[in-house]
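Single-letter residue listing:
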Amino acid sequence: MSTLAIGYPERGAAWSLPSRGRVGMYCLIAAEAAIFTIFVVAYLFYVGKSISGPTPKDVLHAPIFYSVCLLSSSLTVHLAVRRATSGEMGAFARWWLATILLGGTFLFGTAREWAHLILDEGLTVSTNLFGTTYYSLVGLHAFHVTVGLIALLAVATFHFAAELRPEHAERVEILAMYWHFVDAVWVVVFTVVYVIGV
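The shown structure was predicted, so the numbers you read here are calculated from the model rather than taken from an experiment.

S.K.: Would you explain the pattern of salt bridges in this entry?
M.R.: For side chains bearing opposite charge, pairing can occur when the charged atoms are close. Following the criterion strictly, the structure yields 3 salt bridges and no others. As a salt-bridge pair, R22 and E173 come within 3.0 Å of each other at their nearest N and O atoms. Of the two residues, R22 is situated in helix α1 (residues 20–46) and E173 in helix α6 (residues 169–196); the sequence distance between them amounts to 151 residues. Using a relative accessible area of 30% as the deciding quantity, one classes E173 as partly exposed. Ionic pairing is found between E167 and R165, a salt bridge with its closest N-O pair at 2.9 Å. Assessed through its relative accessible area of 37%, R165 is described here as partly exposed.

This is the structure in structure tokens:
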């Protein structure tokens, strides 16, 4: 007769629950993902249903350069976290500032695109359904990038004030998780707005 072996953790084995910071960030990302899903579905539902122009095909141009900048910032923030974990705070600062620069460049590109759409193309949030859903979806993402940049700048300020030490690496990693989420969301937004929706 066969027996079923059930494994139990050895007495004294080290284990621990995830930190409150990680759990909190996981919950925040899950909630934000649900919100973005609603906005993406709304955009896809209403695109092409505007009674009047302009349409996405008329005015949108894929921001390839600025998108590459934002997605590259996931690499730089990852490298920054690795340097912080190993105690190389000088290298951490360089990669962290590179992340801020790349994120700021992306945000500048969004502002530039909006200025073109509003001033040159006459597309505002109240022009038609496309304008409403476009500014809502892209604006929601731009808001999250802005919040992320403020947090990144705060960490940089703590570093240059000599208040950030290697033992704070986990907190830096938790913030990096948010930044990776923002970058991943942009892949979806870019695909929906500039590839599928045109």
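After presenting the structure, the write-up continues.
S.K.: How should I be thinking about the nonpolar core in this particular structure?
M.R.: Across soluble globular proteins, you tend to see nonpolar side chains buried next to one another. The biggest cluster of nonpolar side chains holds 49 residues, and the ones touching the most others in it are Y43, L60, F92, W96, Y134 and V193. Counting only elements with at least two residues in this core, the list comes to α1, α3 (64–85), α4 (89–120), α5 (129–160) and α6.

S.K.: In this structure, what is going on with α1? I would like to understand it.
M.R.: The α-helix advances 3.6 residues per turn, and as a result positions three or four apart in sequence lie on the same side. With 27 residues, α1 should reach 39 Å at 1.5 Å per residue; the first-to-last C-alpha distance of 39 Å fits that figure. Residues R22, M25, I29, E32, F36, V40 and Y43 constitute the buried set of α1. Buried residues along α1 sit against α2 (56–59), α5 and α6. Positive phi appears at G48, one or two residues downstream of α1, with a value of about 85°.

S.K.: Which parts of the structure should I look at to understand the packing of aromatic side chains?
M.R.: Given two aromatic rings, one states the distance between the centres and the angle between the planes to describe the pair. Taken as a whole and assessed by the stated rule, the structure comprises 12 aromatic pairs. A centroid spacing of 5.2 Å and a plane angle of 35° characterise the contact between F92 and W96, whose relative ring orientation is tilted. Residue F92 and its partner W96 are both found in helix α4; the two are separated by 4 residues, about one turn of the helix. Each member of the pair, F92 as well as W96, is classed as buried. Taking 5.8 Å as the distance between ring centres and 45° as the angle between the ring planes, the aromatic pair formed by F130 and Y134 counts as tilted. Placement of both F130 and Y134 in helix α5 is noted, with a separation of 4 residues, approximately one turn of the helix. Of the two residues, F130 and Y134, neither departs from the other in class, the shared state being buried. Aromatic rings pair up to connect F106, W186, F190 and Y194 into one cluster. Of note, K49 hangs over the ring of F45, and the distance from its end group to the ring centre comes to 3.6 Å.

S.K.: I would appreciate a short explanation of a nonpolar patch on the surface in the present structure.
M.R.: Residues I35, I38 and F39 make up a contiguous nonpolar surface patch of roughly 250 Å² in combined accessible area. If you trace the backbone, F39 turns up in helix α1.

S.K.: What is the right way to read the packing of α4 against α6 from this model?
M.R.: Any two packed helices are characterised by how steeply their axes cross, that is the angle between the axes, and by the distance between the axes. Axis separation between α4 and α6 bottoms out at 13 Å; the angle between their running directions is 30°. When the axis of α4 is compared with that of α6, the two are roughly parallel. As for the relative orientation of α4 and α6, their crossing is left-handed in sense. Mapping the contact onto sequence places F92, W96, T99, G103, F106 and E113 in α4 and V172, L175, W179, W186 and Y194 in α6. Classifying every residue of the contact of α4 with α6 gives 8 nonpolar, 2 polar and 1 charged.

What counts and what doesn't
Residues numbered from 1 in each chain as written. Predicted model: local features only at pLDDT ≥ 70, side-chain atom pairs only at ≥ 80, totals over all residues. Heavy atoms only, no water. Salt bridge = Lys/Arg side-chain N within 4 Å of Asp/Glu carboxyl O. Helix = DSSP H or I, 4+ residues; strand = E, 2+ residues; numbered from the N terminus. Buried < 20%, exposed > 50% of the residue type's maximum accessible area, 1.4 Å probe, protein only. Core = buried A, V, L, I, M, F, W, Y, C linked by side-chain atoms within 4.5 Å. Expected span 1.5 Å × (residues − 1). Contact = heavy atoms within 4.5 Å. Phe/Tyr/Trp six-rings, centres within 6.5 Å; stacked < 30°, edge-to-face > 60°. Lys NZ or Arg CZ within 6 Å of the ring centre and 35° of its normal. Patch = residues over 30% accessible without salt bridge, like charges linked within 9 Å, V, L, I, M, F, W, Y side chains within 5 Å. Areas by Shrake-Rupley, 256 points an atom, 1.4 Å probe, with all protein chains shown as cover. Axes fitted to C-alpha atoms, helices over the stretch in contact; angles between N-to-C directions. Parallel < 35°, antiparallel > 145°, perpendicular 65-115°, else oblique. Left-handed = near helix turned anticlockwise from the far one by under 90°. Nonpolar A, V, L, I, M, F, W, Y, C, P; charged D, E, K, R; others polar.

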